[in-house]
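# A look at the structure
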Amino acid sequence: MTVSLEVSEGVGTIRLDRPPMNALDIAVQDRLRELAEEATRREDVRAVILYGGEKVFAAGADIKEMQVMDHTAMIVRSRGLQESFTAVARIPKPVVAAVAGYALGGGCELALCADYRIAAENAKLGQPEILLGLIPGAGGTQRLSRLIGPSRAKDLIFTGRMVAAEEALTLGLVDRVVPAAEVYEQARAWAAKLAKGPALALRAAKESVDAGLETDIETGLAIERNWFAGLFATEDRERGMRSFVEEGPGKAKFL
């Protein structure tokens with residue numbers, strides 16, 4: 001399989017495995033959507049890691065496949081491309097990208113679908129589509145600008161330049177830089193900790209942030225208010241508050 005989902009102790013790893021560069025052809029895109037939807041459904045998956053292996057995260061789209069596509073074909077395909085990445089972004093559980101090596105074009109856009117990005121010291125990220133006479137088409141113009149701001153996003157998109165891990169950290173494109181040998185382990189530690197947290201509250205937090213960013217402050221506050229009140233009907237809320245009162249903060253165990 002070019003993409004797989006492996007689950008262990010509440011953590012699901014969506015692993016790209018299409019040597020040598022994990023090019024994101026149509027089959028990989030469709031498989032990503034299928035596995036994102038599976039991770040969403042499965043109760044034994046409480047947090048997710050996106051991982052391309054030790055050498056490369058994903059170097060982008062399959063250019064040879066795209067080269068033979070005309071305007072009509074891409075009108076049809078572009079929706080499927082975006083829907084695959086959006087399925088990853090909408091996984092209602094904490095998602096971390098473990099980025100080693102190249103994360104370019106669609107690879108960078110896939111990392112943008114995560115909630116948190118841990119980069120290896122050898123990571124290089126960028127949106128080089130402009131060098132092909134194109135623009136990012138899997139959400140890059142939208143998710144990148146929301147993450148790092150429009151002017152910084154335009155710099156990367158207009159120039160097509162790659163940024164190394166430290167500059168990506170400065171830009172806010174990644175959240176942590178670690179030695180290459182540790183990138184997956186660090187991502188797993190992040191995911192494993194959250195996999196033990198209150199699943200409904202984490203889902204509520206993610207949806208409140210993501211949905212709120214797409215609307216005005218008043219609507220965002222209404223989204224937050226509805227989730228906040230709704231969590232008072234959950235067993236996790238009862239368990240968390242009881243533990244706080246009886247044992248102090250940070251000691252609750254959630255199912």
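What comes next is a walk through the structure. (Residues numbered from 1 in each chain as written. Predicted model: local features only at pLDDT ≥ 70, side-chain atom pairs only at ≥ 80, totals over all residues. Heavy atoms only, no water.)

### Observations concerning the overall build of the chain
- Looking only at helices and strands, one finds eleven helices and nine strands in the chain.
- Over its C-alpha trace the chain gives a radius of gyration of 19 Å, about what one expects of a compact globule, namely 18 Å for 255 residues.
- Taking the principal axes of the C-alpha coordinates as reference, the chain spans close to 65 × 40 × 35 Å.
- The 255 residues of the chain split such that 42% are buried.
- Long-range contacts, defined as pairs at least 24 residues apart, comprise 67% of the intrachain contacts of the chain with a sequence gap of at least 6.
- Total accessible area on the chain stands at roughly 13,500 Å², and carbon and sulfur atoms take up 56% of it. (Helix = DSSP H or I, 4+ residues; strand = E, 2+ residues; numbered from the N terminus. Rg over C-alpha atoms; globule rule 2.2 N^0.38 Å. Buried < 20%, exposed > 50% of the residue type's maximum accessible area, 1.4 Å probe, protein only. Contact = heavy atoms within 4.5 Å. Areas by Shrake-Rupley, 256 points an atom, 1.4 Å probe, with all protein chains shown as cover.)

### Concerning the sheet that holds strand S5 (residues 102-104)
- A sheet is described by the order of its strands in space; here three strands give the open sequence S5-S7-S8, paired in mixed fashion. The sheet is open, and its two edges are formed by S5 and strand S8 (162-164), each paired on a single side. Direction aside, neighbouring strands of the sheet carry axes that sit 20 degrees apart on average.
- Pairing geometry for strand S7 (residues 124-126) and S8, over three bridges, is antiparallel. Residue Gly-126 lies in a different strand from S8, and its bridge partner there is Met-162. (Pairing = 2+ DSSP bridges. Axes fitted to C-alpha atoms, helices over the stretch in contact; angles between N-to-C directions.)

### Regarding empty space enclosed by the protein
- Applying the stated rule across the entire model yields one cavity of 30 Å³ or more.
- Ile-14, Leu-16, Leu-32, Leu-50, Tyr-51, Phe-57 and Leu-110 together form the lining of the largest cavity.
- For the lining of the largest cavity, the elements supplying multiple residues, two or more each, are strand S2 (11-16) and strand S3 (47-51). (1 Å grid on protein atoms, 1.4 Å probe; cavity = no way out; pocket = protein on both sides within 12 Å on 5 of 7 lines; lining within 4 Å. Points joined across faces, edges and corners; volume = space filled by probe spheres on them.)

### Some points on the sheet that holds strand S9 (residues 176-178)
- With respect to topology, six strands assemble into an open sheet ordered S1-S2-S3-S4-S6-S9, the strand pairing being mixed. With one partner strand each, in any of the chains shown, strand S1 (3-8) and S9 form the two edges of the open sheet. Here the average twist between neighbouring strands, direction ignored, is 20 degrees.
- When strand S6 (residues 116-120) meets S9, the two strands line up parallel, connected through three bridges. Opposite Ala-119, over in S9, you have Val-177 as the bridge partner.
- The strands touched by helix H1 (residues 26-41) within the sheet are S1, S2 and S3, with S1 carrying the most contacts at an inclination of about 20 degrees.
- Taken strand by strand, helix H8 (residues 183-195) contacts S1, S2, S3, strand S4 (95-99), S6 and S9, and its axis lies near 175 degrees from that of S4.

### Topic: a negative patch on the surface
- There is a patch of like negative charges on the surface, built from Glu-54, Glu-121, Glu-166, Glu-182 and Glu-185.
- Here Glu-54 shows up in the loop between S3 and helix H2 (63-67).
- Residue class for Glu-54 comes out exposed when judged on its relative accessible area of 65%. (Patch = residues over 30% accessible without salt bridge, like charges linked within 9 Å, V, L, I, M, F, W, Y side chains within 5 Å. Salt bridge = Lys/Arg side-chain N within 4 Å of Asp/Glu carboxyl O. Lys, Arg positive; Asp, Glu negative; His and termini not counted. Charge placed at Lys NZ, Arg CZ, Asp CG, Glu CD.)

### Some details on the pairing of S2
- Most of S2 is tucked away: five of the six residues are buried.
- As defined by bridge partners, S1 adjoins S2 across six bridges and the pair is classed as antiparallel. Counted as the bridge partner of Leu-5 is Ile-14 from S2.
- In textbook terms, the turn of a hairpin is the stretch between consecutive antiparallel strands, and for S1 and S2 this stretch comprises two residues, one of which, Glu-9, has a positive phi near 55 degrees.
- Relative to S3, S2 runs parallel, the two sharing five bridges. Bridged to Ile-14 within S3 is Leu-50.
- Each parallel crossover has a hand, and the one from S2 via H1 to S3 is right-handed. (Right-handed = clockwise from strand over helix to strand, strands pointing away.)

### Details of the packing of helix H9 (residues 199-213) against helix H10 (residues 217-230)
- Relative to each other, H9 and H10 sit at 170 degrees, their axes nearing to 9 Å. The angle between the axes of H9 and H10 places the two elements in the roughly antiparallel class. The residues of H10 that touch H9, namely those facing Leu-200, Arg-203, Ala-204, Glu-207, Ser-208, Ala-211 and Gly-212, are Gly-220, Ile-223, Glu-224 and Trp-227. (Parallel < 35°, antiparallel > 145°, perpendicular 65-115°, else oblique.)

### Notes on the packing of H1 against helix H3 (residues 71-89)
- Contact geometry of H1 with H3 gives a least axis separation of 8 Å together with a crossing angle of 40 degrees. The interaxial crossing formed by H1 with H3 has left-handed handedness. Residues Ile-26, Gln-29, Asp-30, Leu-32, Arg-33 and Ala-36 of H1 touch H3, and the partners they reach there are Arg-77, Leu-81, Glu-83, Ser-84, Ala-87 and Val-88.
- For the contact of H1 with H3, a count of residues per class yields six nonpolar, two polar and four charged. (Left-handed = near helix turned anticlockwise from the far one by under 90°. Nonpolar A, V, L, I, M, F, W, Y, C, P; charged D, E, K, R; others polar.)

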